[in-house]
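The lines below spell out each chain.
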Amino acid sequence: MAPWLVRTSSQLVRRAARRLLSPSQHRRHRAPAPWKLCSVPPVPRTTSPAAGGGLWEFCSVRRFTGDSSPAAASTAEDGLAGGELELDFPGGKVSFVAEMNFLPESQKERINCYRVLDDDGRTVSGSKFQEVSKEMALKMYSEMVTLQIMDTIFYEAQRQGRISFYLTSHGEEAINIASAAALSIDDIVLPQYREPGVLLWRGFTLQEFANQCFGNSLDYGKGRQMPIHYGSNRLNYFTVSSPIATQLPHAVGAAYSLKMDKKEACAITYFGDGGTSEGDFHAALNFAAVMEAPVIFFCRNNGWAISTPTAEQFRSDGAVVRGQAYGMRSIRVDGNDALAVYSAVHIAREMAITEGRPILVEVTNSSSYNK
Ligand SMILES: Cc1ncc(C[n+]2csc(CCOP(=O)(O)OP(=O)(O)O)c2C)c(N)n1
Ligand SMILES: [Mg+2]
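Summary of the structure given here. Just so it is clear, the structure is predicted and the values come from calculations on it, not from any experiment.

Side note on the site of ligand 1
Step number 1: The local shell around ligand 1 holds 14 residues, among which P243, I244, G272, G274 and A305 are the closest.
Step number 2: If you list the elements that add at least two residues to the shell around ligand 1, you get strand 5 (267-272) and strand 7 (304-305).
Step number 3: Looking at the shell around ligand 1 residue by residue, the classes come out as 6 nonpolar, 5 polar and 3 charged.

This is the structure:
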């Protein structure tokens, strides 16, 4: 530490200790300074800037743990015993330590992945999940099959030159259908391009899909968009936009408006691992966390952004740890497991709406680029 800094901090400690020993003097020179020596144990922090706390609450306040007696104060004057100090810093208390610890670049173990079904479709013993009725399970299965067939037909139509562009959701059927099944129609969807199953689940007909892909007169966009850029006001589904990740900040705004209107609904935005490499991802997560917007960030991590593998996009443990870094509850889920995806989104939605907070769900999937 620079000598002047050592001097300054020990002067501050001494001055603070003197104030404690002489309350009248303390009152006379009530400091505008942000440093304050006070008695401990510190009262649980009840006010925050968000809850109406003043600027004072927002300042750094140095508290000594233990006794606030003169004896304790003189101990403080003798030197800074690292473990005995806490910094009351915006966001919570921070302990001082004597060691210099750099955070490691990653956790020892990677974040685990929630699953309910094993590779043979049997329930993993002890797994916790949301029950679905037989009718619901059948509808989910039948929509997954419909999505696969629709994809095959349109993909072949594109290969034959009948439509100019197409992308399939092969391998991501469970991600599409199970997440959609866990939502309510009032929830606003802001998609990327690999989630037509969400629209299918909400009642978009195969004819409506075809109208858009062929850009005919019945297409809601009147042929002004590339194929697969679906959208539906009726079904609360924002139109797919080509630039990756622009829908994320939009979703936060939409979610915040739902919160202001006290609606029993959330916004959900879908994006790929490639979307997490855009600045919009970071802006949106921070914006949502600070504004406490009821939005679900649903990341489909399939390992690739076209020809760029995730290893060349980021070095973090996927997207899930980045949710936590922005102060958001986050979970990693097996994207091939419809029951796990359904359960995670069901709970995420409940938490987002009842607690007014964003949630990040990262689903892993390794099959969509192998088709
Ligand atoms: C801002 C922007 N940059 C680049 C592109 C070109 N592009 C289209 S799809 C894509 C890959 C996206 O990968 P990911 O988000 O992981 O989605 P996936 O295709 O894997 O489902 C890219 C880079 C784009 N559409 N927008
Ligand atoms: Mg991807």
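Description of the packing of helix 9 (residues 247-260) against helix 10 (residues 279-291)
Step number 1: Viewed as axis vectors pointing N to C, helix 9 and helix 10 meet at an angle of 20°, and their least axial separation amounts to 8 Å. With respect to helix 10, the axis of helix 9 lies roughly parallel. Classified by chirality, the crossing of helix 10 by helix 9 is left-handed. In contact with L248, P249, A251, V252, A255 and Y256 of helix 9, helix 10 contributes D280, F281, A283, A284, F287, A288 and M291.
Step number 2: Its residues placed into classes, the contact of helix 9 with helix 10 shows 12 nonpolar, no polar and 1 charged.

Topic: the environment of M144
Step number 1: Counting through the fold element by element, M144 comes out in helix 5 (residues 134-159).
Step number 2: The class for M144 is buried, based on 22 C-beta atoms found within 10 Å.
Step number 3: In this structure the C-alpha to C-alpha distance between M144 and G197, which are 53 residues apart in sequence, comes to 7.5 Å.
Step number 4: Dropping the residues within four chain positions of it, M144 is found in contact with E173, A174 and I177.

A short note on the nonpolar core
As a rule of thumb, nonpolar side chains are buried together in soluble globular proteins.
Step number 1: By size, the foremost hydrophobic cluster in this structure holds 68 residues, and its most contacted members are V295, I296, V341 and V361.
Step number 2: If we skip the residues at most four places from it in the chain, V295 touches A251, V252, A255, C266, A267, T269, A288, A352 and P358.

A closer look at helix 10
Step number 1: Over its 13 residues, helix 10 extends 18 Å from the first C-alpha to the last, a length consistent with the 18 Å expected when each residue adds 1.5 Å.
Step number 2: Of the positions making up helix 10, those classed as buried are F281, A284, L285, F287 and A288. Looking down the long axis of helix 10, one finds its buried residues gathered within 165° of arc, a one-sided arrangement.
Step number 3: If you follow the buried residues of helix 10, they end up packed against helix 9, strand 6 (295-301) and helix 11 (320-325).

Parameters and conventions
- Residues numbered from 1 in each chain as written.
- Chains lettered and ligands numbered in written order.
- Predicted model: local features only at pLDDT ≥ 70, side-chain atom pairs only at ≥ 80, totals over all residues.
- Near = placed C-beta within 6 Å.
- Helix = DSSP H or I, 4+ residues; strand = E, 2+ residues; numbered from the N terminus.
- Nonpolar A, V, L, I, M, F, W, Y, C, P; charged D, E, K, R; others polar.
- Axes fitted to C-alpha atoms, helices over the stretch in contact; angles between N-to-C directions.
- Parallel < 35°, antiparallel > 145°, perpendicular 65-115°, else oblique.
- Left-handed = near helix turned anticlockwise from the far one by under 90°.
- Contact = placed C-beta atoms within 7 Å.
- Buried ≥ 20, exposed ≤ 12 C-beta atoms within 10 Å, placed from the backbone.
- Core = buried A, V, L, I, M, F, W, Y, C linked by C-beta atoms within 7 Å.
- Expected span 1.5 Å × (residues − 1).
- Arc of directions from axis to C-beta.

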